[in-house]
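# Topology and contacts: notes
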Amino acid sequence: MTSDRANAYLHARVRVELPMAPYDVVVGRGLAGAFGDFLRSLEERTEKVFIVTQASLQDRAAAFVSSSGIANAHTLLIDEGEGAKSLAAVRRLYDELADGEAHRHDAVVAFGGGVVTDVAGFVASTFNRGMVLVNVPSTLLGQVDAAIGGKTGINLERGKNLVGTIYQPAAVFCDVALLETVPPEEISSGLAEVVKYGFIADPSLLDTVESHADALIGRDLDLLADVVVRCATIKARVVAEDERDSGIRALLNYGHTFAHAIERVQGYGDVRHGEAVSLGMMAAAFLASEMGLIDTSVVQRHRSVLATAGLPVAAPLDVDELEVAWRHDKKYRGGVRFVLLEKTDAGVAPVAGIEASREKIKTAIERLAG
Ligand code: GLY
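Residues numbered from 1 in each chain as written. Predicted model: local features only at pLDDT ≥ 70, side-chain atom pairs only at ≥ 80, totals over all residues. Heavy atoms only, no water.

What follows covers the site of the ligand. Surveying the vicinity of the ligand reveals the residues D145, K151, K235, R249 and L252. Separating an oxygen atom of the ligand from a side-chain N or O atom of K151 is a distance of 2.9 Å. Residue R249 places a side-chain N or O atom 2.7 Å away from an oxygen atom belonging to the ligand. Across the complex, the protein chains shield 89% of the 200 Å² of accessible surface that the ligand would expose by itself. Residue composition of the shell around the ligand, by class: one nonpolar, no polar and four charged. (Near = heavy atom within 4 Å. Polar contact = N/O pair within 3.5 Å; in protein donor to acceptor, adjacent residues only side chain to side chain. Areas by Shrake-Rupley, 256 points an atom, 1.4 Å probe, with all protein chains shown as cover. Nonpolar A, V, L, I, M, F, W, Y, C, P; charged D, E, K, R; others polar.)

See below:
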């Protein structure tokens, strides 16, 4: 623990300013000590800690918990992949928490990527009518997006994330040291969300991805920490303004209306979320250009920055299949609505709730085929 602490480096604390329960997203390297201090500092003492993780992360989770000095930690495993986001997995976790005599003030720690934070968050929000939840995201995608903002999600056969809650964690620890062993294609997948923040809120992120893609994919931890802080800051601001997802938060779904349909059509688990988001943003850019909202130079910027990040920018898709998928989407209201970019004096800005004709969608999909 001492040597871990000596090497630990706190990059920043980003505050999510929610009126009832504000919390910190702590970003740095070697954060086990800070995580342990946080749990020990809770007003209502946490007696037991339930770490929800996956077999592939079990050793890392055990090392993290042991460096944190937390005693009385129990590990609960869920399967790898999107299939783990099932009601059967939730039920198993409920039984394990009951067997472990988990009480309200005990903590559920989600240690893993988006699948783990979605499932553990859902379980923490419902077991005992709500337990303390702490997220320790182990992927770039989790650190910049999924672990912040309280969305949880369970899949049904009929669609992704059809069951879920919005339940905020008590804290999020984004330890970039956990990214050291993440494969390059997983970093690229996380970069899709970084690019999303670039287009909707902070164009300097696009420059960073374009100029430093190799270093980011090669896991330069300082650079990654900087990017995580910048993205977490945007996400924290949006979530603080619209926690319940009834307004501005929709902008975080740039590219995601296409992406969710692509994931459903191609099969969850067969396409990485970030890859689907990359294709989704390309499709959204083609659609915006078809509708005269943006110039082709913005479409070209999408292509260049996403390709530089190692992400796919073309795919053959069937518009009929996408439409079937959209009808199952929870945000479908008599039609599908998109977040699209629109030209402004200063560049581009995202606009939510845009309807598009089938013909324009079809042309955008044809252009996406390359
Ligand atoms: N990932 C989108 C949101 O949290 O609202």
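Quick look at the nonpolar core now. One recurring pattern in soluble globular proteins: nonpolar side chains tend to sit buried together. Among the nonpolar cores identified, the biggest contains 87 residues, and V25, L191, Y254, F258, F338 and I361 are the most heavily contacted of them. If you tally residues by element for this core, the top one is helix α9 (residues 221-241), at 13 residues. In this structure L191 touches L140, V209, L216, I217, A309 and L311, once residues within four positions along its chain are discounted. Within the second largest apolar cluster, 23 residues are counted, among which are F38, V65, V109 and V136. (Core = buried A, V, L, I, M, F, W, Y, C linked by side-chain atoms within 4.5 Å. Buried < 20%, exposed > 50% of the residue type's maximum accessible area, 1.4 Å probe, protein only. Helix = DSSP H or I, 4+ residues; strand = E, 2+ residues; numbered from the N terminus. Contact = heavy atoms within 4.5 Å.)

Before going further, it helps to examine empty space enclosed by the protein. Taken as a whole and assessed by the stated rule, the structure comprises two cavities of 30 Å³ or more. In terms of lining, the second largest cavity is formed by T117, G121, L133, N135, A146, A147, I148, G150, K151, T152, Y167 and P169. Elements with a minimum of two residues in the lining of the second largest cavity: α5 (114-126) and β6 (132-137). For the lining of the second largest cavity, a count of residues per class yields six nonpolar, five polar and one charged. (1 Å grid on protein atoms, 1.4 Å probe; cavity = no way out; pocket = protein on both sides within 12 Å on 5 of 7 lines; lining within 4 Å. Points joined across faces, edges and corners; volume = space filled by probe spheres on them.)

So, about the layout of surface pockets. With a probe scaled to a water molecule rolled over the atoms, the places where space remains empty come into view. Roughly 310 Å³ of internal volume is contained in the second largest pocket. Taken together, 16 residues line the second largest pocket, and the ones lying closest to its centre are A21, Y23, Q168, P169 and A170. Per-class residue counts for the lining of the second largest pocket are 13 nonpolar, one polar and two charged.

Let us now look at the sheet that holds strand β9 (residues 171-175). Picture the strands of a sheet paired through backbone hydrogen bonds; they go either parallel or antiparallel. Spatially, β1-β2-β9-β6-β5-β3-β4 is the arrangement adopted by the seven strands of the open sheet, whose pairing is mixed. Because the sheet does not close on itself, it has two edges, and the strands there are β1 (9-16) and β4 (73-78). The average angle at which neighbouring strand axes cross in this sheet is 20°, direction not considered. Contacting β3 (49-54) and β4, helix α4 (residues 87-99) crosses the sheet at an angle of about 165° to β4. (Pairing = 2+ DSSP bridges. Axes fitted to C-alpha atoms, helices over the stretch in contact; angles between N-to-C directions.)

Right, let's get into the packing of aromatic side chains. Under the defined criterion, the tally for this structure stands at eight aromatic pairs. Judged by centre distance (6.0 Å) and plane angle (25°), the ring pair of Y94 and F127 falls under stacked. Of this pair, Y94 sits in helix α4 while F127 sits in the loop between α5 and β6; the two residues are 33 residues apart in sequence, bridging distant segments of the chain. When its relative accessible area of 25% is taken as the criterion, Y94 is described as partly exposed. What links up through ring pairs into an aromatic cluster is the set F35, F38, F64, F111 and F173. It is K196 that lies over the ring of Y197; its NZ or CZ is 4.7 Å from the centre. (Phe/Tyr/Trp six-rings, centres within 6.5 Å; stacked < 30°, edge-to-face > 60°. Lys NZ or Arg CZ within 6 Å of the ring centre and 35° of its normal.)

For E101, which is not glycine, the phi dihedral falls at a positive 50°. Its place among the elements puts E101 in the loop between α4 and β5 (107-112). By relative accessible area, which is 53% here, E101 ends up exposed. Positive phi outside glycine occurs at N128, with the angle close to 60°. Looking at the secondary structure, you find N128 in the loop between α5 and β6. For N128, a relative accessible area of 30% translates into the label partly exposed.

Coordinates in, geometry out; function isn't part of it.
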